[in-house]
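Chain and residue survey
As a plain string of letters, each chain reads:
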Amino acid sequence: MTFPDVYQDMPFHDTNWVLVRCSGNKKAFLWTYEYQGSMRINIKVDPAWRDFWRQTYASVLPGYHQNKEHWNTVVLDGTIPDEDIRRMIAESYDLVIGGKRRGTRVDDAENRK
């Protein structure tokens with residue numbers, strides 16, 4: 001909830017499923033839910049990184065109930081460092097807003113041109 005212009009939504013009228021969406025385009029970049037006794041998140045992923053995350057961590061799976069090419073499910077079982085989880089969420093946000101957030105190295109470099 002620290003990203004600009006985001007809000008929580010429960011479109012399925014099921015308190016188990018909470019989506020975090022961007023206000024501008026109403027697209028979800030983060031789904032949270034409990035499944036098989038563990039908390040999980042679904043995050044949008046660039047297909048170029050999809051397999052990297054899945055091969056690096058056993059608890060990163062193809063997106064549950066989503067397009068497996070563009071979404072990963074992350075089982076929050078403590079096996080993935082917090083900074084990598086935050087990075088995956090930030091990358092999902094960037095994909096949904098259609099670009100990089102201000103203040104990222106890529107954005108800063110482009111602004112210096």
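Every value quoted in this text rests on a predicted model; they were computed, and no experiment measured them. (Residues numbered from 1 in each chain as written. Predicted model: local features only at pLDDT ≥ 70, side-chain atom pairs only at ≥ 80, totals over all residues. Heavy atoms only, no water.)

**Quick notes on the pattern of salt bridges**
Counted according to the given criterion, the structure contains three salt bridges. In this structure, Asp 9 engages Arg 21 in a salt bridge whose closest nitrogen and oxygen atoms are separated by 2.7 Å. With Asp 9 in strand E1 (residues 6–9) and Arg 21 in strand E2 (residues 18–22), this residue pair connects regions lying twelve residues apart in the sequence. Judged by its relative accessible area of 23%, Asp 9 falls in the partly exposed class. Arg 50 is the partner of Asp 51 in a salt bridge, and the nearest nitrogen-oxygen pair spans 3.2 Å. By relative accessible area, which is 34% here, Asp 51 ends up partly exposed. (Salt bridge = Lys/Arg side-chain N within 4 Å of Asp/Glu carboxyl O. Helix = DSSP H or I, 4+ residues; strand = E, 2+ residues; numbered from the N terminus. Buried < 20%, exposed > 50% of the residue type's maximum accessible area, 1.4 Å probe, protein only.)

**A look at the packing of aromatic side chains**
Per the stated rule, a full pass over the model turns up 15 aromatic pairs. Measuring from ring centre to ring centre gives 4.6 Å for Tyr 35 and Tyr 64, while their planes differ by 35°; the resulting arrangement is tilted. A residue pair is termed long-range when its members are at least 10 positions apart, and Tyr 35 in strand E3 (residues 28–35) and Tyr 64 in the loop between strand E5 (60–62) and strand E6 (71–75) qualify at 29 residues. On the accessibility criterion, Tyr 35 (28% relative accessible area) is partly exposed. Here Arg 87 stacks its cationic end above the ring of Trp 49, 4.8 Å away from the centre of that ring. (Phe/Tyr/Trp six-rings, centres within 6.5 Å; stacked < 30°, edge-to-face > 60°. Lys NZ or Arg CZ within 6 Å of the ring centre and 35° of its normal.)

**A closer look at the side chain of Arg 50**
Residue position: Arg 50 is located in helix H1 (residues 47–56). One polar contact links Arg 50 to Asp 51, side chain to side chain, over a distance of 3.2 Å. (Polar contact = N/O pair within 3.5 Å; in protein donor to acceptor, adjacent residues only side chain to side chain.)

**Examining the sheet that holds E6**
Read across the open sheet, the six strands follow the order E1-E2-E3-E4-E6-E5; overall the sheet is antiparallel. Edge strands, defined here as strands with exactly one partner in the open sheet, are E1 and E5. Each strand axis lies, on average, 25° off the axis of its neighbour in the sheet, ignoring direction. In the sheet, strand E4 (residues 38–44) pairs with E6 via five bridges, with the strands oriented antiparallel. Among the inter-strand pairings, Ile 41 is bridged to a residue of E6, identified as Val 74. Against the sheet, helix H2 (residues 82–97) engages E1, E2, E3, E4, E5 and E6, with an angle of about 40° to E4. (Pairing = 2+ DSSP bridges. Axes fitted to C-alpha atoms, helices over the stretch in contact; angles between N-to-C directions. Contact = heavy atoms within 4.5 Å.)

**Describing the confidence of the model for the protein chain**
Confidence along the protein chain averages 89 in pLDDT terms, with 88% of residues attaining 70 or more. Contacts of residues 103–113 to residues separated by more than four positions or lying in other chains number six contacts, the stretch itself having pLDDT below 50. (pLDDT = per-residue confidence, 0-100.)

**Focus: H1**
Every buried residue of H1 is listed here: Arg 50, Trp 53 and Arg 54. What you see down the axis of H1 is that its buried residues fit within an arc of 95°, all on one side. Facing away from the buried side of H1 by over 90 degrees, the exposed positions are Ala 48 and Gln 55. Elements that come into contact with the buried residues of H1 comprise E5, E6 and H2. Capping of H1 at its N-terminal end is provided by Asp 46; its side-chain oxygen lies 2.8 Å from the backbone amide nitrogen of Ala 48. (Arc of directions from axis to C-beta.)

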